[in-house]
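A closer look at the structure
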Amino acid sequence: MGKHTHHHGHSHSHAHQHSASNRIGWAFFLNVTFTIIEFIGGWLTNSTAIMADAVHDLGDSLAIGTAWGLNKLGEKEANQAFSYGFKRFSLLGALINSLILIVGSVWIMFEAIPRLSSPEMPETQGMFALAIFGILVNGYAAYKLSDGDTLNERVLNWHLIEDVLGWVAVLIVSVVLMFKPWPILDPILSIAFTLFILFNVVKNLKITLRLFLQGTPDNEAREQVKNILLSPDSVNDVHHLHIWSLDGEQHVMTAHLVLNEQIGIPLMKEIKADLNTQLAPLNLAHTTIEFEFADESCRDT
């Protein structure tokens, strides 16, 4: 007595995923190019802060490159081995990037804290010029990714925002050091910004892990779906209602509806059409609904 409905929206989804890959690709190209410039600039200015940021940017470049590859994989069509498609690979990218960013941030803390006791004066004019360039490049990359709403792009955006904030710190410190010999400001600002970014990345990591463990992505949406499924007069009960997410955007729903009477095919079609209309605004990627009669025993109990 099963009824299965599938809402794929392939063309919209494919275009959306493709634009996400383009944005991540741009961010990757900008980050790799700038990381090379940064290593050279750090060496020329004798700034340990810039060198440390260059190593961190290298980690970011690897993370963005990984995300780009996984996002491209996520565009592939479903096959027999991966019947839901490859969307969860994008989620894997978000998880890897979160972990890389946490490790990188902890490493920066280990670098910055000892510098509190023995700071060194860098070449301030070179620092200032690199900081302006760093803000422009990373700011543009972050702006490109801010158009995206995939979890992967949100995590990567924090990589880039961290870099922008880091360069703002370098800019402020370089200006202050031109007038006052206070090199200790550099590690202090680095620690403050790193703690801020860590807080946000850990928050994103919790969401990613919840989706990985197939937790319900939105409890309010679940209640909304349940109320819709119970709305037809012929539906007596809903059980085995499961909602989970492929990648934080594309959600999957399965449910068993218990009918309160022996109804015919025409009325079943009416119920299906009504539910399809009501569920459409929720943009569920895959839905499976099974009808059961009151005198049937559910095979999944």
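For the structure itself, look to the data block above.
Summarised in this report is the structure supplied together with it. Predicted, not measured: the structure shown is a model, and the values here were computed from it. (Residues numbered from 1 in each chain as written. Predicted model: local features only at pLDDT ≥ 70, side-chain atom pairs only at ≥ 80, totals over all residues. Heavy atoms only, no water.)

All chains considered together, the criterion is met by 2 salt bridges. Residue Glu 223 pairs with Arg 222 through a salt bridge whose shortest N-O separation is 3.9 Å. Take Glu 223: its relative accessible area is 40%, and that puts it in the partly exposed class. Looking at Arg 222, the relative accessible area reads 24%, which means it is partly exposed. In this structure, Arg 299 engages Glu 290 in a salt bridge whose closest nitrogen and oxygen atoms are separated by 3.1 Å. By relative accessible area, Arg 299 is classed as exposed at 66%. Residue Glu 290 is classed as buried on the basis of its relative accessible area of 11%. (Salt bridge = Lys/Arg side-chain N within 4 Å of Asp/Glu carboxyl O. Buried < 20%, exposed > 50% of the residue type's maximum accessible area, 1.4 Å probe, protein only.)

Attention now moves to the environment of Ile 271. One can find Ile 271 in helix α8 (residues 265-279). For Ile 271, a relative accessible area of 4% puts it in the buried group. Sequence spacing of Ile 271 and Phe 291 is 20 residues, and the spatial spacing of their C-alpha atoms is 10 Å. Not counting the four nearest positions on each side in its chain, Ile 271 is found in contact with Pro 232, Ser 234, Leu 259, Ile 263 and Phe 291. (Helix = DSSP H or I, 4+ residues; strand = E, 2+ residues; numbered from the N terminus. Contact = heavy atoms within 4.5 Å.)

What follows covers the nonpolar core. Ranked by size, the top nonpolar core spans 21 residues in total, and within it Leu 160 and Trp 167 carry the most contacts. For this core, the secondary structure elements donating two or more residues are α1 (10-45), α2 (48-74), α4 (124-146) and α5 (151-179). With residues near it in sequence (within four places) discarded, Leu 160 still touches Ala 27, Asn 31, Ile 64, Asn 138, Ala 141, Ala 142 and Leu 145. Among the nonpolar cores identified, the runner-up in size contains 20 residues, and Ala 255, Ile 263, Leu 275 and Leu 279 belong to it. (Core = buried A, V, L, I, M, F, W, Y, C linked by side-chain atoms within 4.5 Å.)

It is worth stressing that arrangement in space is one thing and function is another; only the former is reported here.
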